[in-house]
Amino acid sequence: MNNDPINVDRRRKGSGPVGRADAPQRDLGGGQGSGFPSSGGNRPLFGGMPPRGAQLGGCGGLLVLLLAVAYFFLSGGQGVDLGTPSDQSGGQDYGASQPTEEPLPASNFTPPVPAASSGQNWTILLYQDADDQVLEHDVYLDLNEAERVGSSKNVNVVAQIDRFQGAFQGDGNWSSTRRYYVTQDNDLNRIHSQLVQDLGEADMSSSQTLADFVEWAVKSYPASHYVLILSDHGMGWPGGWSDPDPGGRDDSGVPLTRRLGRNLFLMQLDEALQTAQAQAGLGKFDIVGLDACLMSQLEVMAALQPHADYAVASEETEPGIGWAYAGFLGALVSNPDMTPADLSKLMVQSYIQDDQRLLDPAARAEFLRGGSPLGGYLDASSASSAQLTAEIGHDATLASLDLSALPGLMDSFNAFSYQLQNDNQQLVAEARNYAQSYTSLFGREVPPSYIDLGNFVLLMRENTSEAGTQRAADAVVAALQKVVIAEKHGPGKKGSTGLAIYFPNSTLYSSPISGPASYTALAKRFASESLWDDFLAFHYMDRNFDETAAAPYVPSGGYTTRAPGLGQFTVSDIRASSNEAVPNQPVQLSVDISGNNVGYIYLFVGYYDSSANSINVTDTDYLESPQSKQVGGVYYPAWKEGGFTMNFKWDPVVFGISDGTQDAVALFQPVQYGASSADAEYTVEGLYTFAESGEQRYAQLHFRNEALTEVVGFNSETDLGAPREITPSQGDTFTIYEKWMDLDANGNISGVVKENGKTLTFGAQPFKWVQLYAAQGDYVVGFIVTDLDGNQYPVYTNITVH
């Protein structure tokens, strides 16, 4: 073979080993402690058959079914049961100083001076679903931020807030649903506004509850302009706004809703706004704001367009601090004659940088001292709001959208979708695979499916030679720029243009949970007006469509899919310089990759527990290509077309997390490649326990450049649910999930199991990642080569570490 040799390194770097890791040990008693694990069993893994081109490289009794290794790596050991197929500048490291225990500094907030209006007045409606352990305190503080401005002669601010039973204990720990007329006071820790109604326990996930609130607010506080802001968990096109009390199941008959339980699903939000307008005798809202994660999607905007002139939403998960309510409300009170467009832009411009929890010295110190990951390496007594803004805003996004221009974007995107039938579907798969992506509702079993619309179109524009596609792409970009009138994103999301789209891979498309049966039902209005669902059927089923195909398309049962991004390459067995390794004496591993459609290549390291006949997935990482490509600020590896020989030196080190008192080995799963190793991002899965209430949530720790940057909790036992940032309190704990593959007597995978590992405690020291020398023992070490559809082609060999 004449493939050119390339030498590669792992993406995640470290400061050098700080000790030796303990050997992983399978818990044959069924898991440690309490919580969600374990799971797995004998569930088929993507049908139980290896993908085309998979290799059974290496030798020895530890070699197992390679597909299962790849499944386990990308799914996090649990994944989602997808059902039966029918299928600006970078942040800065500010050192490692610890939070002070000195008294909090004084507040510096000065209330805005209300100005007279020439005739305009406003009613701002805050629908705050805080009936949730993860975000109750954050939403409660958002209402307190709004109080710092309060209402004025020309601006009425009203709120309906539902609190959680047993979480945040402040302000009397009431847990009912209340309506307030928001009045001015500077206290960020207690609500002093006028209590208008106590509704008892209201179901904030009910469309009628939302409609009744709008009717009450409009009739009680009539105005010339109305702004509705909804706060809670968001999930993108499925919707959001769950309420565990009273809870219950959804009866819509949609496969995904049956899995998720009660939420205000997107088609129900559409119906609720229509009902609210009718009950209140209201035309369009001036602005509908979605202070929730993942909601700036074209599907969502199609549902809002009949009901509002402007929308404000985020493509990515939102930081726990939420929106800067005092910032944009203060500007409105000071200038009630501003236009709705200008107010929507202010919501974006003020986001994070004008938040009271960052601007006010007392609130900032309390925020850092209270358990924010940033408190570990920013001094609570001296950290500036600019430092915090840079760190918190690294992966944040927010956009203001002119919904009057949305029909033009829909038309141009329909023309683009129609034109894509004439292009190379492998190029389309490549653009989907490398486009700027966001946290996915559907877990790590498959590649991210929420991608930036503009970045995807630009990737197609860059890589295609079809003049028709280039013209159609230009038209989409021009129309998108008319819709997005204000947008901000951090350096971690450089490819963001303000609006995302759902583009599943073939596995997601084939599932009733995440495929057309759920997608077209929940994103009902979008599917009725868009050709995108028809293009997805073409891309994955080779079903042609014409320009008039307006009706939503749902394949009949038993359909099969193709995968245009399927790998057209082969991977050789691994050649190892030795089958034994010791620290600081690396083993060179070489492999030949021949062909095209190579996506990401990952390192895989597993430790074999002979007493349990199980493999612990110990380490994974991106492998760096010699060159990278970038479009719109998004970087991705550029592997040589046709083939290459890849050489990698594995030094027996693993990674763990230190909480300042102990080190624990953890599986860091790569989620963003980044422009450099310092920009690459990783997650660690586990069980978050709130010290105050004892409530537990599935959660992920997000790391970048050795530091913990964010804790994200989900409102379910897995990541099939709505994400939201958790702001830790000292004493809260995180139990690391270990991932195990159990083997049968023939060395094949008999089950994939998740178990509770070590528990770390949030305290005065920051969590950070550390390198450790690998424990002595037998390892499975190798590579997982992925194609442009997310299919995995693993090869590995056995190495004994001394």
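All of these numbers come straight from a predicted model, not from anything done at the bench.

Rules used in this analysis
- Residues numbered from 1 in each chain as written.
- Predicted model: local features only at pLDDT ≥ 70, side-chain atom pairs only at ≥ 80, totals over all residues.
- Heavy atoms only, no water.
- Helix = DSSP H or I, 4+ residues; strand = E, 2+ residues; numbered from the N terminus.
- Buried < 20%, exposed > 50% of the residue type's maximum accessible area, 1.4 Å probe, protein only.
- Areas by Shrake-Rupley, 256 points an atom, 1.4 Å probe, with all protein chains shown as cover.
- Pairing = 2+ DSSP bridges.
- Axes fitted to C-alpha atoms, helices over the stretch in contact; angles between N-to-C directions.
- Contact = heavy atoms within 4.5 Å.
- Salt bridge = Lys/Arg side-chain N within 4 Å of Asp/Glu carboxyl O.
- Parallel < 35°, antiparallel > 145°, perpendicular 65-115°, else oblique.
- Left-handed = near helix turned anticlockwise from the far one by under 90°.
- Nonpolar A, V, L, I, M, F, W, Y, C, P; charged D, E, K, R; others polar.
- pLDDT = per-residue confidence, 0-100.
- Phe/Tyr/Trp six-rings, centres within 6.5 Å; stacked < 30°, edge-to-face > 60°.
- Arc of directions from axis to C-beta.

Participant: Mind showing me how you'd approach the overall build of the protein chain here?
Facilitator: What the protein chain contains, in helices and strands, is 19 helices and 36 strands. Split into buried and exposed, the 802 residues of the protein chain put 64% on the buried side. With an accessible surface of roughly 26000 Å², the protein chain has 46% of that area assigned to carbon and sulfur atoms.

Participant: What should I look at first to understand the pairing of strand β23 (residues 634–638) in this one?
Facilitator: Successive residues of a regular strand alternate their side chains across the two faces of the sheet. In terms of residue burial, β23 counts as a mostly covered element, since four of its five residues are buried. For strand β22 (residues 627–631) and β23, the ladder comprises five bridges, and the chain directions are antiparallel. By the bridge assignment for β23, Gln 627 is matched with Ala 638. Hairpin connection, β22 to β23: the antiparallel pair is bridged by two residues, and Gly 632 has positive phi, about 65°.

Participant: Looking at this model, I keep getting lost on the sheet that holds strand β12 (residues 397–402). Mind explaining?
Facilitator: Sheets are built from strands paired through backbone hydrogen bonds, the pairs being either parallel or antiparallel. The nine strands are arranged β6-β5-β4-β3-β7-β10-β11-β12-β14 in an open sheet whose pairing can be described as mixed. What marks the edges here is a single partner per strand, and that holds for β6 (194–198) and β14 (484–489). Along the sheet, successive strands turn relative to each other by an average axial angle of 15°, direction set aside. Across the sheet, helix α3 (residues 207–220) lies against β3 (122–129), β4 (155–162), β5 (177–181), β6, β7 (225–231) and β10 (285–291), angled at about 155° from β3, the strand it touches most. This element, helix α7 (residues 325–334), spans β3, β4, β7 and β10 of the sheet and lies at about 165° to β3.

Participant: In this structure, what is going on with the pattern of salt bridges? I would like to understand it.
Facilitator: Here the idea is simple: oppositely charged side chains can pair when their charged atoms come close. In this structure the tally under the stated criterion is 26 salt bridges. Measuring nitrogen to oxygen at the nearest pair gives 2.8 Å for the salt bridge that ties Asp 619 to Arg 10. With respect to class, Asp 619 is no different from Arg 10; both count as buried. Where salt bridges share partners, they join Asp 9, Arg 11, Lys 13 and Glu 624 into one cluster.

Participant: What's the story with the packing of α3 against helix α5 (residues 266–280) in this structure? I'm lost.
Facilitator: Helix-helix packing is described using two parameters, namely the angle between the two axes and the distance between the axes. One way to put it is that α3 packs onto α5 with a least axis distance of 8 Å and a crossing angle of 30°. By the angle between their axes, α3 is roughly parallel relative to α5. For the pair α3 and α5, the sense of crossing is right-handed. For the pair α3 and α5, the contacting residues are Ser 207, Gln 208, Leu 210, Ala 211, Asp 212, Val 214, Glu 215, Val 218 and Lys 219 in the first and Gln 268, Leu 269, Ala 272, Leu 273, Thr 275, Ala 276, Gln 279 and Ala 280 in the second. Its residues placed into classes, the contact of α3 with α5 shows nine nonpolar, five polar and three charged.

Participant: Explanation requested: unusual backbone geometry in the structure shown.
Facilitator: Negative phi is the rule for most residues except glycine; trans is the rule for most peptide bonds. You will see that Leu 294, though not glycine, has its phi angle at about 70°, which is positive. Here Leu 294 is to be found in the loop between β10 and α6 (298–304). Exposure remark for Leu 294: the relative accessible area of 0% places this residue in the buried category. One non-glycine residue, Asn 705, lies in positive phi territory at about 55°. Structurally, the position occupied by Asn 705 is in the loop between β29 (696–704) and β30 (707–714).

Participant: Can you walk me through the confidence of the model for the protein chain in this structure?
Facilitator: Caution applies to low-pLDDT parts of the model: their predicted coordinates are not meant to be read in detail. Per-residue pLDDT for the protein chain has a mean of 86; in total, 86% of the residues score no lower than 70. Low pLDDT, under 50, characterises residues 38–101; the predicted model gives this stretch 193 contacts beyond four residues in sequence or across chains.

Participant: Help me out: how do you make sense of the packing of aromatic side chains in this one?
Facilitator: Describing an aromatic ring pair means giving the distance of the ring centres and the angle of the ring planes. Taken as a whole and assessed by the stated rule, the structure comprises 50 aromatic pairs. Aromatic pair Phe 442 and Tyr 502: ring centres 6.0 Å apart, planes at 45°, arrangement tilted. Pair noted here: Phe 442 is in the loop between α13 (425–434) and β13 (450–452) and Tyr 502 is in strand β15 (residues 500–502), with a separation of 60 residues, a long-range link. You can call Phe 442 buried: its relative accessible area is 1%. The class for Tyr 502 is buried, based on a relative accessible area of 0%. Ring centres 5.8 Å apart and planes at 80° place the aromatic pair Phe 668 and Trp 769 in the edge-to-face group.

Participant: What is the right way to read helix α11 (residues 385–392) from this model?
Facilitator: Think of an α-helix as 3.6 residues a turn; residues three or four steps apart then line up on the same face. Listing the buried residues of α11 in full gives Leu 388, Glu 391 and Ile 392. Summarising the axial view, the buried residues of α11 lie within an arc of 90°, below the 170-degree limit, and thus occupy one face.

Participant: Can you help me understand the environment of Ser 206 in this one?
Facilitator: Relative to the helices and strands, Ser 206 resides in the loop between β6 and α3. Separated by 37 residues in sequence, Ser 206 and Asp 243 have C-alpha atoms that sit 8.7 Å apart. Apart from the residues lying within four places of it in its own chain, the contact partners of Ser 206 are Tyr 127, Arg 262 and Leu 264.

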